[in-house]
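# Observations on chain architecture
These are the residues of each chain, in order.
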Amino acid sequence: RYVDAGITADTIPGLRLKWAYGLPGEGQARGQAAVMAGRLFVGNGAGAMYSLDAESGCTYWTYLPRSGIRSAVSIAPYRYEDGRDGYAAYFVDAQANAYAVNAQNGEVLWVRKIDDHPAIRGTGAVTVHKGRVYVPMSAVGEESPSANPDYACCTFRGSVSSLDAQTGDLIWKYY
């Protein structure tokens, strides 16, 4: 949905920094943040997902996944075990683990390993649509080892997996 923030070419010179948040251990942020209900959700490659107050930059919670985060986060509806409706933060880490985390308090809802290839990297933004989480996978680092004549180069071919947004169960995987 398009929201008119009132920013025009004429108002840009008047914009001022409201707050800043340093992502610990991060040299270069790689994933787009998501904003919902007054919160900003962002991950970092050093290995954490943060929920911040969008007005002040104060931290609501921090979640430590199995590996660093190089992807954007998606926020989508989630029905909790007690029947309450809420939201979950969905993302993938650099070692191909997909996550659903309670957007309110940062508690893990599920984790799903997408692939075991040694060169796999979760770098693309997950997308949530109609109860499914779509997780893209790529690979890095197969170029250098391929200089070794004994290395079976280019064994990873990329994929997109569809997971059930509630459970993390694999629905399908396409290469």
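Presented here is a report on the structure given in the accompanying data block. Just so it is clear, the model here is predicted, and its values are computed rather than measured.

## Some remarks on the sheet that holds strand E1 (residues 34-36)
Spatial strand order, E1-E2-E3-E4: four strands in an open sheet with antiparallel pairing. Two strands in the sheet have a free side with no partner beyond their single neighbour: E1 and strand E4 (59-63). Each adjacent strand pair in this sheet contributes to an overall mean axis angle of 20°, direction not counted. Pairing between E1 and strand E2 (residues 39-44): three bridges, direction antiparallel. Bridge pairing in E2 links Met-36 to Arg-39.

## With respect to the nonpolar core
One finds Tyr-90, Trp-110, Ile-114, Val-133, Val-135, Met-137 and Leu-163 to be the most contacted residues of the largest nonpolar core, which totals 19 residues. Of all the secondary structure elements, the ones that give two or more residues to this core are strand E5 (74-79), strand E6 (85-92), strand E7 (97-102) and strand E11 (132-139). In this structure, Ile-114 is in contact with Ala-96, Ala-98, Val-135, Met-137, Ser-161, Leu-163 and Lys-173, ignoring residues within four places of it in sequence. Counting residues in hydrophobic clusters, the runner-up holds twelve residues, among them Phe-41, Tyr-63, Tyr-99 and Val-101.

Definitions and cut-offs
- Residues numbered from 1 in each chain as written.
- Predicted model: local features only at pLDDT ≥ 70, side-chain atom pairs only at ≥ 80, totals over all residues.
- Heavy atoms only, no water.
- Pairing = 2+ DSSP bridges.
- Helix = DSSP H or I, 4+ residues; strand = E, 2+ residues; numbered from the N terminus.
- Axes fitted to C-alpha atoms, helices over the stretch in contact; angles between N-to-C directions.
- Core = buried A, V, L, I, M, F, W, Y, C linked by side-chain atoms within 4.5 Å.
- Buried < 20%, exposed > 50% of the residue type's maximum accessible area, 1.4 Å probe, protein only.
- Contact = heavy atoms within 4.5 Å.

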